[in-house]
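# Architecture and fold: a report
One letter stands for each residue in the lines below.
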Amino acid sequence: MMADFLLELRSEEIPARMQAKARNDLARLFAECTGEAGLETGAIDAFSTPRRLVLIARDVAAQTQASREELKGPRTSAPPQALEGFLRKTGLSQGQ
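Everything numeric here is computed off the predicted structure, so don't read it as measured data. (Residues numbered from 1 in each chain as written. Predicted model: local features only at pLDDT ≥ 70, side-chain atom pairs only at ≥ 80, totals over all residues. Heavy atoms only, no water.)

## Side note on the pattern of salt bridges
Applicable threshold: What makes a salt bridge here is a side-chain nitrogen of Lys or Arg within 4 Å of a carboxyl oxygen of Asp or Glu, nothing more. Secondary structure elements are taken from DSSP: a helix is a run of H or I of four residues or more, a strand is a run of E of two residues or more, and numbering for both begins at the N terminus. Type-normalised accessible area, obtained with a 1.4 Å probe on protein chains alone, sets the label of each residue: buried when under 20%, exposed when over 50%, and partly exposed for intermediate values.
Scanning the model with the defined rule gives 7 salt bridges in all. With a closest N to O distance of 3.3 Å, Glu32 and Arg28 form a salt bridge. Highlighted residues: Glu32 and Arg28, both in helix 1 (residues 16-37), separated by 4 residues, approximately one helical turn. Residue classification places Glu32 among the partly exposed positions, given a relative accessible area of 39%. According to the relative accessible area criterion, Arg28 is partly exposed, its value standing at 40%. For Asp45, the salt bridge identified is with Arg58, shortest N-O distance 3.8 Å. Here Asp45, found in strand 2 (residues 44-49), pairs with Arg58, found in strand 3 (residues 52-61); they are 13 residues apart in sequence, far enough to count as distant. Residue classification places Arg58 among the partly exposed positions, given a relative accessible area of 32%. Residues joined in a network through salt bridges with shared partners are Lys21, Asp25, Arg28 and Glu32.

Below is the structure:
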């Protein structure tokens, strides 16, 4: 299922000479962030007024693709500090 996404940002007055760059930057950053997150989108349109930036992303996927990440930790014979550091970093407990 695809849906449209609307983002409206209100701000202090944006000078006319800066509006085009702000629109382009907003669209570019949105496309980069959704791409990095694995979220597919269709066309991205950006609009501006002196006090608003608006972005409409068409055909946004309802969810990202499933992903899997594998992390290798220290050996079981490693010093306890190394194991504790790895567990703290990953948010896991020793039993997991």
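Okay, back to it.
## Points about the sheet that holds strand 1 (residues 2-10)
Note the cut-off: Note on pairing: two strands pair once DSSP finds at least 2 bridges between them. For helices, the fitted axis covers only the stretch in contact; all axes are lines through C-alpha atoms, and the angles between them, taken along N-to-C directions, range from 0 to 180 degrees. Contacts between residues were defined by any pair of non-hydrogen atoms, one from each residue, lying within 4.5 Å.
Read from one edge of the open sheet, 3 strands run 1-3-2, paired in antiparallel fashion. Of all the strands in the sheet, just strand 1 and strand 2 have a single pairing partner and so form its edges. Pairwise comparison of adjacent strand axes, ignoring direction, gives a mean angle of 15° for this sheet. Where strand 1 meets strand 3, 8 bridges bridge the pair, whose relative direction is antiparallel. Bridge pairing links Leu7 to Leu55 in strand 3. Taken strand by strand, helix 1 contacts strand 1, strand 2 and strand 3, and its axis lies near 150° from that of strand 2.

## Examining the side chain of Gln19
Worth spelling out the cut-off: Nitrogen and oxygen atoms within 3.5 Å of one another constitute a polar contact, given that in protein one can donate a hydrogen and the other can accept it, and given that sequence-neighbouring residues count only through two side-chain atoms.
As for its position among the elements, Gln19 is in helix 1. Gln19 sits in the buried class, given a relative accessible area of 12%. A polar contact of 3.2 Å, which involves the side chain of Gln19, links it to the backbone oxygen of Ile14. The contact partners of Gln19, leaving out residues within four places of it in the chain, are Ile14, Ser48, Thr49 and Pro50.

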